[in-house]
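One letter stands for each residue in the lines below.
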Amino acid sequence: MGWLWIRFRRWGTPRGSSVLGLLSIAAGLVLFLSASNTLQVTSDRILAYYWRSSYDILVRPRGSHSILEEKYNLVHANFLSGAVGGITRAQLEAIRSIPGVVLAAPVAMVGYRATTPLVIDMLYMSQPRYHPEQYLGRYRIERTQRLFDGIQEHVYTDTLVGEVRPDPEMWADFRLAYSFSFPIAPRGTWILFLAGIDPEAEASLTGLNAALRRGSSYLENTAAISKLLSHVPQRREYYSEGLQKGTVIAFPMLLNRHSAFVITHTVEIYREGTNEQVWARIFRAQDPDLLPNHFLEVISPGGATQLVYAPNPEPCSFDLPAPIRYREVPPPPFLPEGAIAVEAVPIGTRGEELVFRDSLKHTTPYCTRPEFNEMYLVPVGEFNSEELFYATPRILRNIPIGTTYPLSPQELEEHVRSTLNRLPFETYFLPPVILKYREDGVPIHPPQMLRPSFNWRGYLTTPPTALTTLEGACFLLGREDCISAIRVVVDVQGLDPQAQARIQRVAEEIVRRTGLEVDIMVGASPRRVFVHLPGIGWAEELWVQKGVTTRVSRGFRRADLILSGVVFLVAWLFLLNS
């Protein structure tokens, strides 16, 4: 013990102080290096978790990059909006043949068109077992349609007239009558937005097969055209009573049952004279009966219904919307510091709504041939993009562990909005556009999520409401370069320089073989962009900033080197002064 006491007293001398200081610096350096290593390992693990997104490389036609995307190294969240064609199927196969490419999933945007709304058929009023004589007469049909676009509610109302009358040939013997039917809404308000996919590639990329459904209603009344679906597009000569020999072309179609519209349809039927209400129903956007080209048959006085598929020949034309033009503007003072501010340039108005994009009417070339008679878009199944949200970890990789499904619509929107490595998936999801400021800069409380309207030339467009095959889309467009974009997955695993180099080599090889434009999407993250919508206000969008993970990783290492240098400099100065 005496020896230790003598040693301790010697530490009070200058030499002892130097030794004590060196021991303290060494201990501090060990603790710093340990903490720095722990921080680096933790940050690398987190970055590796968010590094891989749904796809690694986005391939687009030449000339797709906008000035804003080039300047800020961004990808527009709604990059497929107005993108019709530009990539050939030969270029797709060239990409698939590149070593290291494990998946190349194409999407071909076809365009918009009005389609036949759901038709209500008051069938029971004509059936002998329900004594149709009590239903003879005229009926008043009141239709109300309410659509909310995030700013205002658009209300459409009208009144139709229906009549139940005896069948002249069948009334005396069978008491069979004619009932009435009517569409739930005007035809122009039901929009079909069609896109083409490679089913196998899409299933691998998004888990589409996990979200598929097959409705029994599609199996009814389809005997005449069901055989046409063996190949797409399928031509078939037919003879029909009263018709000349002709050609039918049928395309299979998957309907997206998750509507992007906030809409309700209200139908009320009153008997004229007595004003008695005989039937009423409110249909909301996600109603399972709300399907185009279908009859909803009211089969009993109690209001029971059955859904029946009723194929209708379709026009051969589509509206092809053009991209929106943006221009960068100085950010107003009420926006966050360093914000990117742009303005969407309107080109006109449609009623009370602004028009932001041109639209080209396109007719399928085959339809101009004299032997052509009819074209059918035949629904063979359904999918729900909300279920697709959970079908594969590729869609969203950072949903917190332990999250309970299903989520509420508000929670779902927040996950889509806040995902750190979210990539554009507008084939299925509407990119969030949140109105935050009025024109004069006054904040909107709470901020309003903007929604699409029936104006397909407006600012917001819906995700495709139906999918067909890539072959069908190319046939409808009538062009070889029918593909709008290709999403590519590369055979790499972790976050390391070798994986980054391999993705870079694949991207360069795609450019060399095809001449197309590529965006490397690994390590991407959303970046806020504020868009001025004239006459409406300022909306926040989440565009995609490329290369964020790489910059964060480099930043951690740079900070680590700087701090290490400071510690060693302090130690060196201490030794000099000792």
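Before reading on, note that the structure itself is shown above.
This structure is a prediction, so every number in the text was calculated from the model and none was measured.

Turning to the overall build of the chain, a few remarks are in order. Looking only at helices and strands, the chain has 11 helices and 30 strands in total. By the burial criterion, 50% of the 578 residues in the chain qualify as buried. Residue pairs in contact within the chain that sit at least 24 positions apart in sequence constitute 75% of those at least 6 positions apart. Carbon and sulfur atoms provide 56% of the accessible area of the chain, an area that totals close to 28,100 Å².

Moving on to the pairing of strand β5 (residues 137-148). Pairing between β5 and strand β6 (residues 153-166): 12 bridges, direction antiparallel. From the neighbouring strand, Leu147 faces β6, where its bridge partner is His154. The antiparallel pairing of β5 with β6 creates a hairpin that spans 4 residues between the two strands, and Gly150 there sits at a positive phi of about 95°. Both β5 and strand β13 (residues 262-271) contribute to a ladder of 10 bridges, which runs antiparallel. Bridge pairing in β13 places Tyr139 opposite Arg271.

This part takes up the layout of surface pockets. Approximately 630 Å³ is the volume attributed to the second largest pocket. Lining of the second largest pocket is provided by 34 residues; of these, Ser64, Ser66, His76, Pro323 and Ile324 occupy positions nearest its centre. Elements that contribute at least two residues to the lining of the second largest pocket include exactly α3 (67-72), β18 (326-328) and β30 (537-545). Of all the elements, α3 adds the most residues to the lining of the second largest pocket, at 4 residues. The residue makeup of the lining of the second largest pocket, split by class, is 17 nonpolar, 9 polar and 8 charged.

Overall, mixed pairing links the 4 strands, which are arranged β8-β4-β15-β16 in an open sheet. Of all strands in the sheet, those with a lone pairing partner are β8 (181-183) and β16 (305-309), marking the two edges. Direction aside, neighbouring strands of the sheet carry axes that sit 25° apart on average. Pairing of strand β4 (residues 119-121) with strand β15 (residues 294-298), which is carried by 3 bridges, proceeds in the parallel orientation. If you follow Asp121 over to β15, its bridge partner there is Glu297.

With that settled, the discussion passes to the state of the cysteines. Within the structure shown, the criterion is met by 1 disulfide. Across the disulfide from Cys474 sits Cys482; the S-S distance is 1.8 Å.

Let's shift gears to the sheet that holds strand β14 (residues 276-284). Strand order in the open sheet formed by 5 strands is β7-β6-β5-β13-β14, with antiparallel pairing between adjacent strands. The open sheet is flanked by β7 (177-178) and β14, the only strands paired with a single partner.

When we look at burial in helix α6 (residues 199-206), the residues that qualify are Ala201, Glu202, Leu205 and Thr206. Projection of α6 onto a plane perpendicular to its axis shows the buried side chains occupying an angular sector of 105°, all on one side. N-capping of α6 is provided by Asp198, with a side-chain oxygen placed 3.2 Å from the backbone N of Glu200. Taken from the residues just after α6, Gly207 is the one with a positive phi, measuring 75°.

What follows concerns the environment of Glu541. Within the secondary structure layout, Glu541 lies in strand β30. In this structure Glu541 comes out as buried when scored by relative accessible area, which is 4%. The spacing of Glu541 and Ala77 is 464 residues in sequence and 7.7 Å in space, taken between C-alpha atoms. Filtering out sequence-adjacent residues up to four positions away, Glu541 remains in contact with His76, Tyr326, Pro432, Val433, Tyr459, Arg527, Arg528, Val529 and Val531.

One finds Ile57, Val59, Ile269 and Val488 to be the most contacted residues of the largest nonpolar core, which totals 70 residues. Top element by residues in this core is helix α9 (residues 470-477). It accounts for 6 residues. Formed by 35 residues, the second largest nonpolar core is a distinct cluster that contains Val75, Ala83, Ala201 and Ala285.

Here Glu202 lies in helix α6. Residue Glu202 is classed as buried on the basis of its relative accessible area, which comes to 0%. Ignoring any residue separated from it by four or fewer positions in sequence, one finds Glu202 in contact with Ala105, Pro106, Ile197, Gly207, Leu208, Tyr428 and Arg487.

Taking 1.5 Å of rise per residue, 18 residues should cover 26 Å, and helix α10 (residues 497-514) covers 26 Å from first to last C-alpha, within 8% of that figure. Within the sequence span of α10, burial applies to Ala499, Ile503, Val506, Ala507, Glu509, Ile510 and Thr514. Each buried residue of α10 sits inside an arc of 160° when the element is viewed along its axis, so together they form one side. What points out from α10, more than 90 degrees from its buried face, is the exposed set Pro497, Gln498, Arg505 and Arg512.

Criteria and thresholds
Residues numbered from 1 in each chain as written. Predicted model: local features only at pLDDT ≥ 70, side-chain atom pairs only at ≥ 80, totals over all residues. Heavy atoms only, no water. Helix = DSSP H or I, 4+ residues; strand = E, 2+ residues; numbered from the N terminus. Buried < 20%, exposed > 50% of the residue type's maximum accessible area, 1.4 Å probe, protein only. Contact = heavy atoms within 4.5 Å. Areas by Shrake-Rupley, 256 points an atom, 1.4 Å probe, with all protein chains shown as cover. Pairing = 2+ DSSP bridges. 1 Å grid on protein atoms, 1.4 Å probe; cavity = no way out; pocket = protein on both sides within 12 Å on 5 of 7 lines; lining within 4 Å. Points joined across faces, edges and corners; volume = space filled by probe spheres on them. Nonpolar A, V, L, I, M, F, W, Y, C, P; charged D, E, K, R; others polar. Axes fitted to C-alpha atoms, helices over the stretch in contact; angles between N-to-C directions. Disulfide = S-S within 2.5 Å. Arc of directions from axis to C-beta. Polar contact = N/O pair within 3.5 Å; in protein donor to acceptor, adjacent residues only side chain to side chain. Core = buried A, V, L, I, M, F, W, Y, C linked by side-chain atoms within 4.5 Å. Expected span 1.5 Å × (residues − 1).

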